[in-house]
Every structure is written in structure tokens, then in C-alpha cells.
Amino acid sequence: GAVVSQHPSRVICKSGTSVKIECRSLDFQATTMFWYRQFPKQSLMLMATSNEGSKATYEQGVEKDKFLINHASLTLSTLTVTSAHPEDSSFYICSASGKDTSNYGYTFGSGTRLTVV
Amino acid sequence: DQQVKQNSPSLSVQEGRISILNCDYTNSMFDYFLWYKKYPAEGPTFLISISSIKDKNEDGRFTVFLNKSAKHLSLHIVPSQPGDSAVYFCAASEGGAQKLVFGQGTRLTINP
């Protein structure tokens, strides 16, 4: 079945530094990748949608200059949290959708726990 | 504006019995609904989905029911097993947009 690999699984960084999170589709071509954020005991909130080779589409309220998304190939998308602050601490999850969307079975990565100290 | 709502934050069910998780939505343009299971510090795992042209979809122990007039869907798990203990999210998408709107989740605990 479709597998999405996300890493790192957890990262601790100092305030003011940048952190990159990778999301890879291992056995299918991901034409679209989605980045979500989950606060403790809350829902998953979509941050942005990225299509291979084009600029990401950000949801309202998400700062595109702070959360840089790159989808340079059909198997890799990255999210870079720039100049991270403690309020950016959260659980970030990517999902990927392939060319065959007949089952809408979006596959999710395992998530990244970001802690900014 | 919470377009997808799971009003029960938690549910406890005895092993072997039926678990019923509920989800309501407000956006009548949603045409595809999914249920995911999630463990702490892991990504969601797809369970079952249903298109708005159907009112029921079954896959093994999991059945999803959709009531469009009430804008309500439910996930039935029968029989419930201890391994079913997790947080369950319902999600919805609109018009092939593929991006998902999630509910808040319901923590299901199956008691032996």
C-alpha cells in the first residue's frame, strides 16, 4: 500500500532557528501534498496544499514566509519553519495524494513533534 | 467556524460490544467523508470512507452511515476490540478539492 515517510519524528530547536521537516512518498507519485498542524487535544488544521512544481497554496491565517513549503519532486515535499518561536511548538503532519484519487485514501506521514525552547 | 464537529470528546465501550462514533457537519457542499484512527504521536490511519451518493459503506467490522438531510455521519465498529482504542477523526472534503476538514476527534476506549 501507499507509504508516506516523514522525518524527523521529533525535533527540539532553539528559538530563532529554522527547522526543516521532510515528507516523502515511498511507493507512489504524490501529485499533491498537504501539511497539517495539530495542537494538543485539538483537530488537525490544514496549513497548506502543495502541488509538484508549483507554489503552495496557504490557508487563511498561515504565514507563508514563516512556513516555507517546497514540493520539488513527485516524491518529496518539505516544510521549513523559519525563525521558530515557542508558539510554533506543535505536531506537524503531512499527507500525500497520488494520481489515482479514486479512493481518496490520503496517506499520512507519522508526524513531527516540534518543540521550540 | 467548525465545519466538522465531533461533539463527544471520549467514549468508553466494553469489548465485544458496538462502538458508535458520531460526526456532524455544516457545509452542504461536502461530498466525501472519511474516518481516520490515530494513536498519540503518530499520523492518522485511514479506516473507511463514503461518498455523498451513498448512505452506507461497510468494510469488515467498520460501517459508516451517512444521513445527508441531517448532515450527520457515524462510524460503527462491531465487535469492538481492545486494539480499537485510539482517537477517531472524521474528515470531509468538497468537490474533489482533496484537502480535508477534520473534526476534533473522539477518544475511544475499549474496556476488557
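Placed above this text is the structure.
Rules used throughout
Residues numbered from 1 in each chain as written. Chains lettered and ligands numbered in written order. Predicted model: local features only at pLDDT ≥ 70, side-chain atom pairs only at ≥ 80, totals over all residues. Heavy atoms only, no water. Salt bridge = Lys/Arg side-chain N within 4 Å of Asp/Glu carboxyl O. Buried < 20%, exposed > 50% of the residue type's maximum accessible area, 1.4 Å probe, protein only. Helix = DSSP H or I, 4+ residues; strand = E, 2+ residues; numbered from the N terminus. Contact = heavy atoms within 4.5 Å. Pairing = 2+ DSSP bridges. Phe/Tyr/Trp six-rings, centres within 6.5 Å; stacked < 30°, edge-to-face > 60°.

Undergrad: Please clarify how the pattern of salt bridges should be interpreted in this entry.
TA: Opposite charge on two side chains makes pairing possible when the charged atoms of those side chains draw close. Residue and element names in this part refer to chain A. As enumerated under the stated definition, the model contains four salt bridges over all chains in all. Ionic pairing is found between Glu22 and Arg24, a salt bridge with its closest N-O pair at 3.4 Å. A relative accessible area of 18% places Glu22 in the buried class. Judged by its relative accessible area of 32%, Arg24 is partly exposed.

Undergrad: Teacher, can you tell me more about the environment of Val117 of chain A here?
TA: All names here are of chain A. The residue Val117 is located in the segment after β11 (112–116) in this model. Given a relative accessible area of 57%, Val117 falls into the exposed group. Separated by 65 residues in the primary sequence, Val117 and Glu52 place their C-alpha atoms 33 Å from one another. Setting aside chain neighbours within four positions, we find Val117 in contact with Ile12, Cys13, Lys14 and Ser15.

Undergrad: Is there a simple way to think about the sheet that holds strand β7 (residues 62–67) of chain B in this case?
TA: Backbone hydrogen bonds hold the strands of a sheet together, and the pairing may be parallel or antiparallel. Residue and element names in this part refer to chain B. With respect to topology, five strands assemble into an open sheet ordered β1-β3-β8-β7-β6, the strand pairing being antiparallel. Each edge of the open sheet carries a strand with a single partner, namely β1 (4–5) and β6 (56–59). As judged from the four bridges shared by β6 and β7, these two strands associate in the antiparallel manner. Note on β7: the bridge partner recorded for Asp59 is Phe62.

Undergrad: Just to check I follow, could you spell out the packing of aromatic side chains for this structure?
TA: In this description, a pair of aromatic rings is defined by centroid distance and the angle of the planes. Applying the stated rule across the entire model yields eleven aromatic pairs over all chains. Aromatic side chains Phe108 of chain A and Tyr36 of chain B sit 5.1 Å apart centroid to centroid with 80 degrees between the ring planes, which places their arrangement in the edge-to-face category. Here Phe108 of chain A is found in strand β10 (residues 107–108), whereas its partner Tyr36 of chain B is found in strand β4 (residues 30–38) on a different chain. Note on accessibility: Phe108 of chain A and Tyr36 of chain B belong to one class, buried. Here the aromatic residues Tyr36 and Phe108 of chain A together with Tyr36, Phe46, Phe89 and Phe102 of chain B are joined through ring pairs into a cluster of three or more.

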